[in-house]
Amino acid sequence: MKIIPAIDIIDGKCVRLSKGDYGTKKIYNENPVEIAREFESFGIRYLHLVDLDGAKSKHIINHKVLENIARETALEIDFGGGLKTLGDIETAFNAGARQITLGSVAVQDPAFCFQLIEKYGPEKIILGADCEDRKIKTSGWTEESELDVIDFILQYREKGIQNVICTDIARDGMLQGASGALYSEILSKTKIHLVASGGISCMEDVYEMKEVGCSGTIIGKAIYEGRISLKQLQDFI
């Protein structure tokens, strides 16, 4: 199972939110490259980088942060937040993203996303399935939809999507454990490669996600708050 630390960006700084609420912003480091380098020094190979400014404004903003991390490390970066147009997506890839995560646009413009899957190949595209009470939310989690998370994933699996990041918004940043039951159901009904996101609070949660069958797990606040050490992650890897 891949260990994928998260760096969320607002105003070029590394931050974390609780349940996606921008009012709960806490700054952990003003230089995300430093954080990325530290991750890499402990044997971590992957990074989940989110442009929260982009997610809110609906177009890419913090691509320079992506570019700097890609230049200064060898981390395989998946990048999301505000990717709405072909221009935004090309900017992300040109800045060094190995993969991009499509969230809001996958709800609002499926036809465009199907074209992207054909253009870049399914290995370059991750579906971001961010849900609360099983319903998909968009635009930095500020807008609700009536889409059930499993129906949403199945729609894209039919078009070739292989990789999905599923965030249970109610657990994100809360350090109360991940949604193992939901992820088990998703895996049994969709047969995709699922990355768990939201709620990881300790190494026991990480091992639970491995047992559930997730292909990866994203860890954010638990690292920044010292609940999980990078040495523990290095040992797991």
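Please read these numbers as outputs of a predicted model, since none were measured by experiment.

## Section: unusual backbone geometry
For Lys58, which is not glycine, the phi torsion reads 70 degrees and is therefore positive. Assignment of secondary structure puts Lys58 in the loop between α2 (52-57) and α3 (63-72). Positive phi is not limited to glycine here, since Arg134 has a value of about 75 degrees. Note that Arg134 resides in the loop between β7 (125-132) and β8 (135-138).

## Brief notes about helix α6 (residues 110-120)
When we look at burial in α6, the residues that qualify are Phe112, Cys113, Phe114, Leu116, Ile117 and Tyr120. Residues of α6 that are buried in the fold lie against α4 (86-95), β6 (99-102), α5 (104-108), β7 and α7 (149-157). Residue Gly121 follows α6 closely and has a positive phi angle near 90 degrees.

## Let's talk about the nonpolar core
Counting 70 residues, the largest nonpolar core has Ile7, Leu102, Val149 and Ile186 as its most contacted members. At 6 residues, α6 tops the list of elements feeding residues into this core. For Val149, the residues in contact, after removing those within four places along its chain, are Ala129, Cys131, Arg134, Ile136, Cys166, Leu182 and Ile186.

Conventions we followed
- Residues numbered from 1 in each chain as written.
- Predicted model: local features only at pLDDT ≥ 70, side-chain atom pairs only at ≥ 80, totals over all residues.
- Heavy atoms only, no water.
- Helix = DSSP H or I, 4+ residues; strand = E, 2+ residues; numbered from the N terminus.
- Buried < 20%, exposed > 50% of the residue type's maximum accessible area, 1.4 Å probe, protein only.
- Contact = heavy atoms within 4.5 Å.
- Core = buried A, V, L, I, M, F, W, Y, C linked by side-chain atoms within 4.5 Å.

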